[in-house]
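Chains, contacts and geometry: an overview
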Amino acid sequence: MRIMPNKMQVTFVRHGETESSKEGRKLSEAGKVSMFALAEAYIPSRPLLLVSSALMRAEQSAAILAQIYQVEARTDVRLNEPESSVVGIPPRLEPQTWRRYVAGLRQLLIETLALPIAEVMIVGHSGTVDAMFDHLGMNGALEVAIDHAAITEFEYRHGDPEGEWLLSKHNWHPEMTT
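Being a predicted model, the structure only gives us computed values, none of them experimental.

Rules used throughout
Per chain, residue numbering runs from 1 following the sequence as it is written. In view of the model being predicted, local features appear only for residues whose pLDDT reaches at least 70, and side-chain atom pairs are presented and counted only at 80 or more, with totals across whole chains, interfaces and linings using the full set of residues. Water and hydrogen atoms were dropped before computing side-chain values, which therefore reflect all heavy atoms in the structure. Secondary structure is summarised from DSSP: a helix means a run of H or I of at least four residues, a strand means a run of E of at least two, and numbering begins at the N terminus for each. It only takes one pair of heavy atoms within 4.5 Å for two residues to be counted as in contact. For every accessible area listed, the method is Shrake-Rupley and the probe measures 1.4 Å; residues are considered covered only by the protein chains on display. Burial status follows relative accessibility: with a 1.4 Å probe on protein chains alone, a residue under 20% of its type maximum counts as buried, one over 50% as exposed, and anything between as partly exposed. Every axis in this analysis is a line fitted to C-alpha atoms, fitted for helices over the stretch in contact. Angles between the N-to-C directions lie between 0 and 180 degrees. Whether a crossing is left-handed or right-handed is set by the direction in which the near helix is turned from the far one by less than a right angle, anticlockwise for left-handed and clockwise for right-handed. In this classification, Asp, Glu, Lys and Arg are treated as charged, Ala, Val, Leu, Ile, Met, Phe, Trp, Tyr, Cys and Pro as nonpolar, and every other residue, Gly included, as polar. Among buried residues, those of type Ala, Val, Leu, Ile, Met, Phe, Trp, Tyr and Cys that are joined through side-chain atoms within 4.5 Å constitute a nonpolar core. Any two strands with at least two DSSP-identified bridges between them are counted as paired. Place the viewer so that the strands point away; then a crossover is right-handed whenever the path from the first strand over the helix to the second strand goes clockwise.

The next thing to look at is the overall build of the protein chain. If you tally the helices and strands in the protein chain, you get four helices and six strands. The order of α-helices and β-strands along the protein chain, N terminus first, is β-α-β-α-β-α-β-α-β-β. Within the protein chain, counting contacts between residues at least 6 apart in sequence, those at least 24 apart form 67% of the total. Here the protein chain displays about 9,500 Å² of accessible surface, and carbon together with sulfur accounts for 53% of that area.

A few words on the environment of Glu29. Inspection of the secondary structure assignment puts Glu29 in helix 1 (residues 29–41). A relative accessible area of 57% places Glu29 in the exposed class. Sequence separation between Glu29 and Glu19 is 10 residues, and the spatial gap between their C-alpha atoms is 8.4 Å.

What follows deals with the environment of Arg14. Here Arg14 shows up in strand 1 (residues 7–14). Arg14 sits 43 residues away from Arg57 along the chain, and the two C-alpha atoms are 9.6 Å apart. Setting aside anything within four residues of it in sequence, one finds Arg14 in contact with Met35, Gly124, His125, Ser126, Ile146, Asp147, His148, Ala149 and Ala150.

Right, let's talk about the packing of helix 1 against helix 2 (residues 56–69) for a bit. Relative orientation of the contacting elements helix 1 and helix 2 amounts to 35°, with a least axis distance of 9 Å. Crossing handedness for the pair helix 1 and helix 2: right-handed. Contacts between helix 1 and helix 2 involve Lys32, Met35, Phe36, Leu38, Ala39 and Glu40 on the former and, on the latter, Ser61, Ile64, Leu65, Gln67, Ile68 and Tyr69. Across the contact of helix 1 with helix 2, the residue classes tally to eight nonpolar, two polar and two charged.

Residues Val10, Phe12, Leu105, Val120 and Ile122 are the most contacted members of the largest nonpolar core, which totals 25 residues. Going through the elements one at a time, strand 1, strand 2 (48–52), helix 3 (95–113), strand 4 (119–124), helix 4 (126–135) and strand 5 (151–157) are the ones with two or more residues in this core. A total of six residues in this core trace back to one element, the largest contributor, which is helix 3. With residues near it in sequence (within four places) discarded, Leu105 still touches Phe12, Leu79, Ile122, Thr128, Ala131 and Met132. Counting 20 residues, the second largest nonpolar core, distinct from the first, contains Ala58, Ile64, Met121 and Trp172.

Remember that side chains alternate between the two faces of the sheet whenever the strand is regular. Taking burial as the measure, the five residues of strand 2 include five buried ones, the bulk of the element. Along strand 2, one buried face is formed by Leu48, Leu50 and Ser52 and the opposite face, lined by Leu49 and Val51, is buried too. In terms of strand pairing, strand 2 meets strand 4 through five bridges, oriented parallel. Directly across from Val51, in strand 4, lies its bridge partner Ile122. Sheet topology places strand 2 next to strand 3 (residues 73–75); three bridges connect them, and they run parallel. Considered in strand 3, the bridge of Val51 is made with Arg74. Viewed along the sheet, the connection from strand 2 through helix 2 into strand 3 turns out right-handed.

These values are about where atoms sit, not about what they do.
Take a look at the structure:
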């Protein structure tokens, strides 16, 4: 039998701004600065698990957070932004690709919620937050904007009759107040 924590912060961080080059898409200098500012302004709960997409821009962002928070960052390919063969502006994912991405996030959440931690910080992409909303039942009815180096924070409240998931912050930046 798996025991779920009563409460856990689930914090999504979009990677910092990237260089315009598509090759590897590493963080720009401005992206690095904004990630350091975010890390210094946001104080996570402890114990903290830091999980990142394996794509370079997310790994670099997670490395900055890990340095400031003095934790290890682990990568998980289920958080990698899926590629699409559908051409458009913006490009859209095939439904089966998107469902696979949402299922990967769902499985990561199930695994994480079984751990004795206070917060999981997930460093990913703008679509990672969209996938969370789809996991919660929006099924493509909602697309959310999230800036680079911004936080979307949920509180998981196991069995709470008011709702197990509370959205407490969205698109939060260091210059904002709580």
